[in-house]
Structure formats: C-alpha cells, structure tokens
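A closer look at the structure
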Amino acid sequence: MNGAPQFGKIVIFGVGLIGGSFALALKAAGEVGEVVGFGRRLGSLTQALDLGILDRAGFNIGQEVGNADLVLIATPVGTTPEIMARIAPCLGPQTVVTDAGSTKGDVVAAARAHFGERLGQFVPAHPIAGAENSGALAARADLYRQKQVVLTPLPENAVASVARVRAAWECCGALIRELSPAEHDRVFAAVSHLPHLLSFALVHDLTRRDNRDLLFDFAASGFRDFTRIAASHPEMWRDICLANRTALLDELDRYRAQLDELRDALQRSDGVGLEAAFDVARAARRAWAENKASE
C-alpha cells in the first residue's frame, strides 16, 4: 500500500456477490482501511467474515454509518427504501451513500423521500457485472475489472460526492459511464431486464409441460446459452422487474410485436422474410461481439 487508503471506513448493506466483490476489490487495491457489513442473516455475515470480505459485522447502524466515508447499499432493490429510512438520520456530514441497484428511477424516488435535505449525499450507481451464483461465496476481487459502472448523478450532488463514488469504482477496476436515471432505466429494460424475463419465461414454460424431462434431456448448448440467466437470483429479479415495470412493459410490447412479425412469416412460409430478419440480427450480434472483444 502506498500511503493511506482513499477510504478509511466503508459500510456495506448486503455482502453477497455485488457487495462482497466491491469489498474484496477495494481491499486488493489497498484502498480501504475497514469494511463493516450489515445483512439480514447472521450466517451470511459470519461467512463474509470468514472469507475476509468484512472486517466486522455491524449491529448498530448509527454507530457505524455516522463516521463512514462511503455506504454501499447492495441489497435487492425492493429493500432499498427501508435501508434508506434507517440510515438517513445517522448520516455524518461527510458520509456519501451509493447503491448498486439495477433500476434507478425507483431508487431516486426513495432517496428523495427518505434523505430529504441530505439527498445530495446520495449518488446512485449501477455496476454492470454479475453472475448466476449469488451470496458471499460467489464474491471475487476481479468481478468489476474492465466492467462498466453507470453513475446517474442527481442535480443535488456535490462534485466531490460524485468523485468519491467514481473513485471507489475505479479502484475496483471499473469503467465509469454516466446516464440520467430515466435514460438508464430505458436502456436496461431493453438489454438486461427483458432478456432475463424472456429466459425465465422459457424455462418456466418448459417445466410445466408433461414431457419436461424429455425436453430437458435433449436441451443442448443453444438452450444453455439462452437460459443461463434464468439461474439468477429470483428475489432480485422480481424486484427489478417490478421497479422498472413501465419501461419493461414497453419493451415487452415491442418484443411481442417482433414475435408476431416472425409468426406471420412462418405462417406464410416466407423464407425470404425470415432469413432477412435473421441476417440483420446476426450482423448486429457479430458487430457487438467484436466491439466487446476489442475493449
């Protein structure tokens, strides 16, 4: 470590994959002095302590949050308002709060409701990284390396507060982008929330069929690739879908219209139309993959 760490004390609510990886990355970079964690289950906190994610488990929110440099809320988005309500009265004047939620409009609304005059101390964020597995055991120090983290700063945020959150994620090896909360939710409804909904829907449909065992016996790499994200955390994705339901419903309607077009082509035996649609999709997918590979 070269000199003192940038963050003397960080408090994390939710020490699973996202929060745990954040802590491990900052520790690996030598940029945090102490990590204190809060969680719903004592077993999860004990596990995080055993894995070296936490230095201490927190039990008194007022005592821990008041002198923290940074607080990260890394729980399912449905629990965020309750946590905000609990920490708001305890914030020290220099404490900055951020989150890791996959939706931003609902999180910002909760922050406005609970932080009041201290709203400027909350800087919303969303790390674009994850895995099918959850919990502290899944956490790893390199999860955010070369991955994007989207900040959605508020007009009330001081430049220094945004810079502190940016610095924390940069210490994790992340690449920082900025969007407005509304733009963020529209973008991720299309490229993240809808794909998860579709993946869950396909697997759920197959499990309800009488011949489901036969179907799963013959499922191969295409099924594996398309449905990988259906192994994601059900509670987390329930909250995300409900929190971003307006944008997600718009995307679902667009997708249903696309399916209707393909169905009509099939019904008409329109091979030319099907191939044209497939060709456009293939070209776009390949271009995206090549751009990602070159980053």
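About the cut-offs
Residues numbered from 1 in each chain as written. Predicted model: local features only at pLDDT ≥ 70, side-chain atom pairs only at ≥ 80, totals over all residues. Heavy atoms only, no water. Helix = DSSP H or I, 4+ residues; strand = E, 2+ residues; numbered from the N terminus. Rg over C-alpha atoms; globule rule 2.2 N^0.38 Å. Buried < 20%, exposed > 50% of the residue type's maximum accessible area, 1.4 Å probe, protein only. Contact = heavy atoms within 4.5 Å. Areas by Shrake-Rupley, 256 points an atom, 1.4 Å probe, with all protein chains shown as cover. Lys, Arg positive; Asp, Glu negative; His and termini not counted. Charge placed at Lys NZ, Arg CZ, Asp CG, Glu CD. Pairing = 2+ DSSP bridges. Right-handed = clockwise from strand over helix to strand, strands pointing away. Salt bridge = Lys/Arg side-chain N within 4 Å of Asp/Glu carboxyl O. Phe/Tyr/Trp six-rings, centres within 6.5 Å; stacked < 30°, edge-to-face > 60°. Polar contact = N/O pair within 3.5 Å; in protein donor to acceptor, adjacent residues only side chain to side chain.

Before going further, it helps to spend a moment on the overall build of the protein chain. Summing up its helical and strand segments, the protein chain has 12 helices and nine strands in all. For the protein chain, whose C-alpha radius of gyration is 21 Å, the value lies close to the compact-globule estimate of 19 Å for 295 residues. Oriented by its inertia axes, the alpha-carbon framework of the protein chain measures out at about 70 × 40 × 35 Å. Within the protein chain, the proportion of its 295 residues that are buried is 41%. Here the analysis covers contacts within the protein chain between residues at least 6 apart in sequence; of these, 76% occur between residues at least 24 apart. By element, 53% of the accessible surface of the protein chain is carried by carbon and sulfur atoms, the whole surface being about 15,700 Å². Between the mean site of the 31 positive side-chain charges and the mean site of the 35 negative ones, the protein chain shows a separation of 2 Å.

All right, on to the pairing of strand S2 (residues 32–38) then. A large share of S2 lies buried, amounting to five of its seven residues. Note: strand S1 (residues 7–13) against S2, six bridges, orientation parallel. Pairing of Ile-10 across the sheet is with Val-35, part of S2. Running through helix H1 (residues 17–28), the crossover from S1 to the neighbouring parallel element S2 is right-handed. Relative to strand S3 (residues 56–57), S2 runs parallel, the two sharing two bridges. Looking at the pairing, Val-36 lines up with Arg-56 of S3. Handedness of the crossover joining S2 and S3 through helix H2 (residues 42–50): right-handed.

Further remarks concern the pattern of salt bridges. Counted according to the given criterion, the structure contains 16 salt bridges. Between Arg-166 and Glu-170 there is a salt bridge, and its shortest N-O distance comes to 3.9 Å. A residue pair is termed a helical-turn pair when its members lie 3 or 4 positions apart in one helix, as Arg-166 and Glu-170 do in helix H6 (residues 159–171) at four residues. You can call Glu-170 partly exposed: its relative accessible area is 44%.

Now for the packing of aromatic side chains. Counting across every chain of the model gives five aromatic pairs. On the numbers, 4.7 Å between centres and 55° between planes, the contact of Phe-22 with Trp-169 is tilted. Pair noted here: Phe-22 is in helix H1 and Trp-169 is in helix H6, with a separation of 147 residues, a long-range link. Each member of the pair, Phe-22 as well as Trp-169, is classed as buried. An angle of 80° between the planes, with centres 4.9 Å apart, marks the rings of Tyr-144 and Trp-169 as edge-to-face.

Within the secondary structure, Ser-102 is located in the loop between strand S5 (96–99) and helix H5 (105–115). At 3.4 Å, the side chain of Ser-102 forms a polar contact with the side chain of His-126. Contact partners of Ser-102, with chain neighbours within four places excluded, come to Val-77, His-126, His-184, His-193 and Ile-240.

All right, on to the pairing of strand S4 (residues 70–73) then. Residues Leu-70 and Leu-72 point to one face of S4 and Val-71 and Ile-73 to the other, with burial holding for every one of them. Inspection of the sheet shows S1 paired to S4 by four bridges, in the parallel sense. Along S4, the bridge assignment pairs Val-11 with Val-71. Bridge count between S4 and S5: four bridges; the pairing is parallel. Along S5, the bridge assignment pairs Val-71 with Val-97. Handedness of the crossover joining S4 and S5 through helix H4 (residues 80–87): right-handed.

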